[in-house]
Amino acid sequence: MSIPTEFRKLEAIAIGNDFEKVTRLVTVRYDSLLNNLAPGNVVLKNIYVGINASDVNYTNGKYVAGIKPPFDVGFEALGQVVAVGAKIPKEAIGKFVVYTQYGAFAEYISVPYKTTLAVKSDTPANLGLLVSGLTASISLTVQGRMTKGETVLVTAAAGGAGQFAVQLAKIAGNHVIGTCSSDDKVEMLKAMGCDRVINYKKEDFRSVLKNEYPNGIDIVFESVGGEFFKICLNGLSDKGRLIVIGTVASYSTPEGIRGDTVNTLQLLSKSRSVCGFFLPAYAAQFGEHMNNLTKLLEQGKLTVQIDSGGFQGIEQVTEAVKYISSGQNKGKVVISLLEPRAKY
């Protein structure tokens, strides 16, 4: 492996949710990583980075109280170990890993080795399983208490996490409803086994639930917020569970991310529940669920829809963030940092 003299990374220079406006690309000396490499850390050469709608929440100061710019941005990547700290075996060099850490939008990065998850190859599907796959797997299992024979509703079903929620609910033996915004996404979700796909641009979401599912929805995997949240809450069955994994409709508004209110009487009379899910709180379960997702992928029971948006390189991350914020993506947005252009 050739050793660079410098590398590039993205950092926030102001607080705000206009990602392009509040971030800049900076060049850093590579030896700054080596000279400060902790004994339990490794240096990774990032090959792919994952783009999330919530990237704008981080630059907007919503996840780390009192954070002051400049600070590094990005949540997840797939990389190859190129250097190791004093307590890490040299045999780790060359291995591929996925990880979550603030500051992932960088060509090289130092991370604690124990927080990484080993993968067999550098295929972008392995990165798709990380934040998006783990969010769906853990939340449906822990918060949703998903069994079989239930009715499961997934909003933004053609997105990064939504595609996994749809497939995992089907694998478990449930009837799955998914919402999306275009005909091509409808076809994508049907191919993934979604039983009822609602293109809310053409059908009235509220009416479909009322007329076709009079007994209500057992589990809702909800990421949109606003009016969608209200419709989902009203559509819950007796003992129904609504999992809030985001409120993406508010992320890019002038006010930024905001939540929705719940009238507890809507819960009390039918023993319904509403719970939030924030992935970092479940780090202890990453390994178990990642192993299960990987097995399902290898067995051909799970597919990973990757969408590069036509973007490549650290300099196009800002465009990729705008792309996912527009809602155009089908599946998980992952972009390559390497030449030549990744083909997927």
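The text that follows walks through the structure, step by step, so that each part is easy to find.

Quick notes on the rules
Residues numbered from 1 in each chain as written. Predicted model: local features only at pLDDT ≥ 70, side-chain atom pairs only at ≥ 80, totals over all residues. Heavy atoms only, no water. Phe/Tyr/Trp six-rings, centres within 6.5 Å; stacked < 30°, edge-to-face > 60°. Helix = DSSP H or I, 4+ residues; strand = E, 2+ residues; numbered from the N terminus. Buried < 20%, exposed > 50% of the residue type's maximum accessible area, 1.4 Å probe, protein only. Arc of directions from axis to C-beta. Contact = heavy atoms within 4.5 Å. Pairing = 2+ DSSP bridges. Salt bridge = Lys/Arg side-chain N within 4 Å of Asp/Glu carboxyl O.

1. Here's the deal with the packing of aromatic side chains
Reasoning step 1: In this structure the tally under the stated criterion is 13 aromatic pairs.
Reasoning step 2: Seen from their ring centres, Y63 and F75 are 6.1 Å apart, and the 40° between their planes marks the pair as tilted. In this pair, Y63 is assigned in the loop between α3 (55-59) and β4 (71-72) and F75 in the loop between β4 and β5 (76-84), connecting sequence segments twelve residues apart.
Reasoning step 3: F75 gets classed as buried once you look at its relative accessible area, which sits at 10%.
Reasoning step 4: With a centroid separation of 5.0 Å and 35° between ring planes, the pair formed by F205 and F228 is classed as tilted. Of the two residues, F205 is situated in helix α7 (residues 205-212) and F228 in helix α8 (residues 227-234); the sequence distance between them amounts to 23 residues.

2. Some words on α7
Reasoning step 1: For α7, the full list of buried residues reads F205, V208 and L209. Along the axis of α7, the buried residues cluster in a sector spanning 95°; they form a single face. What points out from α7, more than 90 degrees from its buried face, is the exposed set K210 and N211.
Reasoning step 2: Looking at the buried residues of α7, the elements they touch are β9 (151-154), β10 (175-180), β11 (196-199), β12 (217-222) and α8.

3. Concerning helix α5 (residues 162-171)
Since the α-helix packs 3.6 residues into each turn, any two residues three or four apart lie on the same face.
Reasoning step 1: Summarising burial for α5: eight of the ten residues are buried, a large majority.
Reasoning step 2: Within α5, the full set of buried residues consists of G162, Q163, F164, A165, V166, Q167, L168 and A169.
Reasoning step 3: Directly beyond the C-terminal end of α5, a positive phi value near 95° is found at G173.

4. Some points on the pairing of β12
A regular strand carries its side chains on alternate faces of the sheet.
Reasoning step 1: Along β12, six of the six residues are buried, which leaves the element largely enclosed by surrounding structure.
Reasoning step 2: Pairing of β9 with β12, which is carried by three bridges, proceeds in the parallel orientation. Bridge pairing in β12 links V154 to F221.

5. Some thoughts on the pattern of salt bridges
Reasoning step 1: According to the stated counting rule, one finds 17 salt bridges in the structure shown.
Reasoning step 2: Close ionic contact of E315 with R8 constitutes a salt bridge, the shortest N to O distance being 3.4 Å. In this pair, E315 is assigned in the loop between β15 (306-307) and α11 (317-325) and R8 in strand β1 (residues 6-12), connecting sequence segments 307 residues apart.
Reasoning step 3: A salt bridge links R258 to E255, with the nearest nitrogen and oxygen atoms 3.6 Å apart.
Reasoning step 4: Assessed through its relative accessible area of 45%, R258 is described here as partly exposed.
Reasoning step 5: Judged by relative accessible area, which is 55%, E255 ranks as exposed.
Reasoning step 6: Sharing partners across several salt bridges, the network here consists of R8, E107 and E315.

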